[in-house]
Amino acid sequence: MKRQGIWTGLAVIVMATALGGYAWYQQQVARGTGHGAQGGPVELSSTQGDFSLSRLDDDQLAILFFGYTSCPDVCPMSMAVVRQALAELDDESRERVVPVLISVDPERDTLDRLAEYTDYFGDAFIGATGSEAQLEEIAERYGVVWRRVETPESAMEYTIDHSSSLYLVDREGRIQKRVLYSPAPHALISALESELEG
C-alpha cells in the first residue's frame, strides 16, 4: 500500500510538471504570436548564400517558418503544407513566393543539413539559420517563441518546443499575413492568393 502511494505521488508530480510545461508553452504562444508582432529585417546565412528579405523583388513575398530539421511532426507537416499551397498557384504567382525555413536549432542544423532537408520539399525552399543571438532577436520581433527541452533518455538528447505560424512577409519585413498552423493548405492558399492579387 505504501509503495502504491509513492507511485501515485510520482505520477501526480510528473503530470503536474507536464501540465505546467504545456501551460507555459501555450501562454508563450498566445503572448508571442499575437497581432503585436513587428516583423522587420531578416539577414541570415542560408542554403543559397546570404539571405536577406531586402533582396526580394517588390512583388515578391517570403513565407517565413521557424522550426528545425529534427522536428518529428509540426515542421515536416508545415513544410508539406507550403509545398501543397505552392502547387496550387499558377506559375507566375509561384515565382513571386520564396519559402524560407529559419532553423532555431543552430547547434545541429548546419547549412548542409538544412540543404538536404529543404531539398526534399522542392528547389524553391531556402533553409536559413544564424547564431543564437541573431535568432533570438529575429524571433522576438516576429513574436516567435521556442525553448530547448532536454531529453537525456532519448538519442536526440533534446527537442525544441516552438510556435508554428507561417508569416507572409514583404521585402521590408512587413508581416502581411500570419497563418496559424494547420495540417491542410487551405488557409495558406487563401492568404497567398489574397496578398498576391492585392
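Residue numbers run consecutively from 1 along every chain, following the written order of its sequence. Since the coordinates come from a predicted model, pLDDT governs what is reported: local features require at least 70, and pairs of side-chain atoms require 80 or more to be given and counted, while whole-chain, interface and lining totals use all residues. Remark: hydrogens and water are excluded; side-chain values derive from all non-hydrogen atoms of the structure.

The protein chain is annotated in an unreviewed UniProt entry as SCO family protein of Halomonas kalidii.

A. Representation of the pairing of strand 4 (residues 97-103) in the model. Along strand 4, seven of the seven residues are buried, which leaves the element largely enclosed by surrounding structure. Each residue is assigned to one of three classes by its accessible area relative to the maximum for its type, calculated with a 1.4 Å probe on protein chains only: buried under 20%, partly exposed between the two thresholds, exposed over 50%. The helix count covers DSSP runs of H or I at least four residues long, the strand count covers runs of E at least two residues long, and both are numbered beginning at the N terminus. Of the two faces of strand 4, the one carrying Val 97, Pro 99, Leu 101 and Ser 103 and the one carrying Val 98, Val 100 and Ile 102 are both buried. Note: strand 3 (residues 61-67) against strand 4, seven bridges, orientation parallel. Note on strand 4: the bridge partner recorded for Leu 64 is Val 100. At least two bridges found by DSSP between two strands is the condition for calling them paired. In this structure, strand 4 lies alongside strand 5 (residues 126-129), joined through three bridges in parallel fashion. Across the sheet, Ile 102 pairs through a bridge with Ala 128, a residue of strand 5. By convention, orient the strands away from the viewer: a clockwise path from the first strand over the helix to the second makes the crossover right-handed. Handedness of the crossover is the feature at issue here: the chain leaves strand 4, passes through helix 4 (residues 111-119), returns alongside strand 5, and the resulting connection is right-handed.

B. Spatial organisation of the environment of Leu 56. Among the structural elements, Leu 56 can be located in the loop between strand 2 (49-52) and strand 3. Overall, Leu 56 belongs to the buried group, its relative accessible area being 5%. The spatial distance from the C-alpha of Leu 56 to the C-alpha of Val 98 is 8.4 Å, given a sequence separation of 42 residues. Contact criterion: two residues are considered in contact whenever any of their non-hydrogen atoms come within 4.5 Å of each other. The contact partners of Leu 56, leaving out residues within four places of it in the chain, are Leu 61, Ala 62, Val 98, Val 169, Asp 170 and Arg 171.

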